[in-house]
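Geometric and topological summary
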Amino acid sequence: MSESRSVPIVSIESINLSDFHIIDVRSPKEFEEFHIESATNVPIFTNEEREQVGTTYKQIGKDDAKMLGLSIVSPKLVQMVETLKDQEKIHNKPFLIYCARGGMRSNSFATVMKLIGLDCCQLMGGIRSYRQSIMSGLERLSKMAKPFIVLEGLTGSRKTDILEVLQEEGYPVINLEELAGHRGSIFGKIGNEGQSQKQFERDMFKRLQEIEQAAYYIIESESKRIGRVVVPEWILKGKETGKRIHINYPFERRVQSICETYQPGLYHDEIGEALHHLKKRIKPEVYEIMLQSYHAENYENVVRLLLQSYYDPKYNYAADRYRSPVIELEIENLDQGKTMVKNTIEKIQTHSYC
């Protein structure tokens, strides 16, 4: 990097992000919503401090906001420098500093870090330019005309488990629930953080890059919304026109699979909250029995009742709208399901199924 005291400004298109220690100086809330992958958050302001400076800027003026910001940041500088020096010890790479738009926060921080001898540059356009590059990449990849193979089945049919195994073995799986950080139902956020739309699209772009050379995509049949995330229209269209593989799994094994996945004993209160949200959608007499089972920690019976009275009828109603052919697979366990799905995919790819 340059020995000049001025901070070099680089565009997202001109660099390889892996060549840098990436430092995000925005507030923790901004960072949590969306950040460059592998970035370290070294916030100039806390969430509350950022709001305070912004209010001062709007109500009093720019100069007063600057002075307030300076008074807040000054006591933190030593710790910030130590954080960057610790990063530098791990790998001897320059620092890429960014904020929201490549403005005052990142420029001021990078300038101070450079003055004390750290090799720094500033990202032009900040996180916004990174976001634009992702959306541009997604637009390009979404226009690649590839067929879809869609794995479907009633709740608890091990579809997600099969997809995870296929992905580990190198199949071109787009695991929408994994990318969304949500299992796609009222209970879907239990044990998951959940992703923002921006984080979902960031990780989606990365996954599509990994499988860009694949001749097809494999997805699970999902609705338009998974938690806080909206699935792109081009994937929904791919689902509608794709080759469908329907997994049939014994009812009691579905019950067991759901209990293993959601671990209700660890999330008792969260399960109860989700049940409350479903109260108006279940017949009162059924809900009462379900609630009794819940309080007795008979979670398997809770799941049985949920499947019989809510999830299975809801799924069957949605499935009736599809008129395209479907390949039915009867499975007894995960290993068998994985093998049968792999064989079916091979037949689809060699045009054994039409």
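Located above this text is the structure these notes cover.
Notes on the structure in this doc start here.

Quick notes on the rules
- Residues numbered from 1 in each chain as written.
- Predicted model: local features only at pLDDT ≥ 70, side-chain atom pairs only at ≥ 80, totals over all residues.
- Heavy atoms only, no water.
- Salt bridge = Lys/Arg side-chain N within 4 Å of Asp/Glu carboxyl O.
- Helix = DSSP H or I, 4+ residues; strand = E, 2+ residues; numbered from the N terminus.
- Buried < 20%, exposed > 50% of the residue type's maximum accessible area, 1.4 Å probe, protein only.
- Lys, Arg positive; Asp, Glu negative; His and termini not counted.
- Contact = heavy atoms within 4.5 Å.
- Pairing = 2+ DSSP bridges.
- Axes fitted to C-alpha atoms, helices over the stretch in contact; angles between N-to-C directions.
- Expected span 1.5 Å × (residues − 1).
- Core = buried A, V, L, I, M, F, W, Y, C linked by side-chain atoms within 4.5 Å.

Moving on, we get to the pattern of salt bridges. Applying the stated criterion across every chain, the model contains 20 salt bridges. Of the charged contacts in the structure, one is a salt bridge between Asp 312 and Arg 254, with a shortest N-O distance of 2.5 Å. Highlighted residues: Asp 312 in helix 14 (residues 299–319) and Arg 254 in helix 11 (residues 251–262), separated in sequence by 58 residues. There is no split in this pair, since Asp 312 and Arg 254 are both buried.

A word on the side chain of Glu 177. Looking at the element boundaries, Glu 177 is found in helix 8 (residues 176–180). Of the side chains with opposite charge, Arg 183 comes closest to the buried, unpaired Glu 177, at an N-O distance of 6.0 Å. Apart from residues no more than four positions distant in its own chain, Glu 177 is found in contact with Thr 160, His 182, Arg 183, Gly 184, Glu 220, Glu 222 and Ile 226.

Sheet architecture is open: 5 strands sit in the order 1-5-4-2-3, paired in parallel fashion. Strands with a single pairing partner mark the edges of an open sheet, and in this sheet they are strand 1 (9–10) and strand 3 (40–41). Sheet analysis places strand 2 (residues 21–24) next to strand 3, joined by 2 bridges and oriented parallel. Along strand 3, the bridge assignment pairs Ile 23 with Thr 40. Packed onto the sheet, helix 5 (residues 104–115) meets strand 2, strand 4 (95–98) and strand 5 (120–123) and runs at close to 170 degrees relative to strand 5.

Attention shifts here to helix 6 (residues 126–142). Between its first and last C-alpha, helix 6 extends 25 Å over 17 residues, near the 24 Å set by a 1.5 Å rise per residue. Every buried residue of helix 6 is listed here: Gly 126, Ile 127, Ser 129, Tyr 130, Arg 131, Ile 134, Gly 137, Leu 138, Leu 141 and Ser 142. Where the residues of helix 6 are buried, they touch strand 4, strand 5, helix 9 (197–210), strand 7 (217–220) and helix 10 (233–241).

Bringing the nonpolar core into the picture now. Judged by nonpolar contacts, the single largest core of 37 residues is most densely connected at Ile 36, Ile 174, Leu 176, Met 204, Leu 208 and Ile 235. For this core, the secondary-structure elements that each account for two or more residues are strand 4, strand 5, helix 6, strand 6 (148–153), helix 8, helix 9, strand 7 and helix 10. By residue number, the principal contributor to this core is helix 6, which donates 5 residues. Residues within four places of Met 204 in sequence aside, it is in contact with Leu 138, Ile 174, Leu 176, Leu 179 and Ile 235.

Right, let's talk about the pairing of strand 4 for a bit. Burial of strand 4 is two-sided: the residues Phe 95 and Ile 97 facing one way and the residues Leu 96 and Tyr 98 facing the other way are all buried. By the bridge criterion, 4 bridges tie strand 2 to strand 4 in an arrangement that is parallel. What sits directly across from Ile 23, in strand 4, is Ile 97. Judged from the 3 bridges that link them, strand 4 and strand 5 form a sheet pairing that is parallel. Residue Phe 95 lies in a different strand from strand 5, and its bridge partner there is Cys 120.

Here we take up the pairing of strand 6. Taking burial as the measure, the 6 residues of strand 6 include 6 buried ones, the bulk of the element. Alternating positions in strand 6 separate into two faces, Phe 148, Val 150 and Glu 152 on one and Ile 149, Leu 151 and Gly 153 on the other, with burial throughout. As defined by bridge partners, strand 6 adjoins strand 7 across 4 bridges and the pair is classed as parallel. Bridge pairing in strand 7 places Val 150 opposite Ile 219. Taken together, the 5 bridges between strand 6 and strand 10 (residues 243–248) define a ladder with parallel strand orientation. Considered in strand 10, the bridge of Gly 153 is made with Ile 247.

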